[in-house]
Amino acid sequence: MKTKSTLLILTFFLMTCMGFAQNKSKKKDQSMNIISGKVNISKYHNHDELDRMSKGELLGLYTERIKVIVNILPNIAFATKPGITMSDLGIPDTKENKKALENNIDASVNYFDSTIEFQKTILPYSDTRDLIAAILFYEETLKSLHTYNDYKSD
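Okay, so let's go over this structure. (Residues numbered from 1 in each chain as written. Predicted model: local features only at pLDDT ≥ 70, side-chain atom pairs only at ≥ 80, totals over all residues. Heavy atoms only, no water.)

In terms of regular secondary structure, the protein chain is built from five helices and zero strands. In the protein chain, the order of α-helices and β-strands from amino to carboxyl end is α-α-α-α-α. The buried share of the protein chain, reckoned over its 154 residues, is 25%. (Helix = DSSP H or I, 4+ residues; strand = E, 2+ residues; numbered from the N terminus. Buried < 20%, exposed > 50% of the residue type's maximum accessible area, 1.4 Å probe, protein only.)

Before going further, it helps to examine helix H4 (residues 95-122). Between its first and last C-alpha atoms H4 spans 40 Å; for 28 residues at 1.5 Å apiece the expected length is 40 Å, and the two agree. In this structure, the buried residues of H4 make contact with helix H3 (55-72). (Expected span 1.5 Å × (residues − 1). Contact = heavy atoms within 4.5 Å.)

Most often, soluble globular proteins keep nonpolar side chains buried together rather than apart. Membership of the largest hydrophobic core comes to 25 residues, with the highest contact counts inside it found for Leu50, Leu58, Tyr62, Ile66, Leu131, Ile135 and Leu142. Secondary structure elements with two or more residues in this core: H3, H4 and helix H5 (128-144). Examining the composition of this core, we find that nine residues originate from one element, H3, more than from any other. Apart from residues no more than four positions distant in its own chain, Ile66 is found in contact with Phe112, Thr115, Gln119 and Tyr138. (Core = buried A, V, L, I, M, F, W, Y, C linked by side-chain atoms within 4.5 Å.)

Let's shift gears to the packing of H3 against H5. Packed helix pairs are specified by the crossing angle of their axes together with the interaxial distance, meaning the distance between the axes. It is at 10 Å that the axes of H3 and H5 come closest, and there the two elements cross at 30 degrees. H5 is crossed by H3, and the crossing has left-handed handedness. Across from Lys55, Leu58, Leu59, Leu61, Tyr62, Arg65, Ile66, Val68 and Ile69 in H3, the residues of H5 making contact are Thr128, Leu131, Ile132, Ala134, Ile135, Tyr138, Glu139 and Leu142. Of the residues that constitute the contact of H3 with H5, the class distribution is 13 nonpolar, one polar and three charged. (Axes fitted to C-alpha atoms, helices over the stretch in contact; angles between N-to-C directions. Left-handed = near helix turned anticlockwise from the far one by under 90°. Nonpolar A, V, L, I, M, F, W, Y, C, P; charged D, E, K, R; others polar.)

So, about the packing of H3 against H4. Where H3 contacts H4, the axes come no closer than 10 Å and their chain directions differ by 160 degrees. Taken as axis vectors, H3 and H4 run roughly antiparallel relative to one another. In this structure, H3 crosses over H4, and the sense of that crossing is right-handed. Residue-level inspection shows Tyr62, Thr63, Ile66, Lys67 and Val70 of H3 in contact with H4, the latter providing Ser108, Tyr111, Phe112, Thr115, Ile116 and Gln119. The class makeup of the residues in the contact of H3 with H4 is six nonpolar, four polar and one charged. (Parallel < 35°, antiparallel > 145°, perpendicular 65-115°, else oblique.)

Attention now moves to the packing of aromatic side chains. All told, the structure shown has two aromatic pairs when counted by the stated rule. Measuring from ring centre to ring centre gives 5.4 Å for Tyr62 and Tyr138, while their planes differ by 45 degrees; the resulting arrangement is tilted. With Tyr62 in helix H3 and Tyr138 in helix H5, this pair connects stretches of sequence that are 76 residues apart. Consider the rings of Phe137 and Tyr138, whose centres lie 6.2 Å apart with planes at 55 degrees: the pair is tilted. You can call Phe137 exposed: its relative accessible area is 54%. Here a set of aromatic residues connected by ring pairs shows up, and it is made of Tyr62, Phe137 and Tyr138. (Phe/Tyr/Trp six-rings, centres within 6.5 Å; stacked < 30°, edge-to-face > 60°.)

Once their charged atoms are close, side chains differing in charge can pair, the charge on each being opposite to the other. Applying the stated rule across the entire model yields five salt bridges. A salt bridge links Glu64 to Arg65, with the shortest nitrogen-to-oxygen separation between them at 2.7 Å. Each member of the pair, Glu64 as well as Arg65, carries the same accessibility label: buried. Two residues, Asp127 and Arg129, come together in a salt bridge whose shortest N-O distance is 3.2 Å. On the basis of relative accessibility, which here comes to 34%, the residue Asp127 falls in the partly exposed class. Classification of Arg129 by relative accessible area gives exposed; the value is 67%. Residues joined by salt bridges that share partners form a network here, namely Glu64, Arg65 and Glu139. (Salt bridge = Lys/Arg side-chain N within 4 Å of Asp/Glu carboxyl O.)

These figures capture arrangement, not role.
Following this line, the structure appears as structure tokens:
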């Protein structure tokens, strides 16, 4: 009886270890995405809609658009949508290339965090008309990403 329970516990332990080992190897084999983080906005607006919003709502929209732009625009030479990996682009999946991509992602996160910290402090002093104009400009910029492929020539 004691042997059966010991064997059962040992088998369970070995199966658990193998399961975790497989998960780690799968994660190691996966290539990192070029674009990660928030990559779309909830809605595009027109001037009248924005004009009816409070300044607090406008600040939220402004921040959302900055986040998307920071995640996409620096990488449009590679991709304009998430899910594209270095392997998909034919970039060797070397340790150096992975490290470079990790550093780029970290730099984007740090830049965004510091920008948002600054915006929280200073942006409430901005003129509402200027804030609306900036949101509309950012939205037009994001809309233009849908036509990015038109600029590519074969």
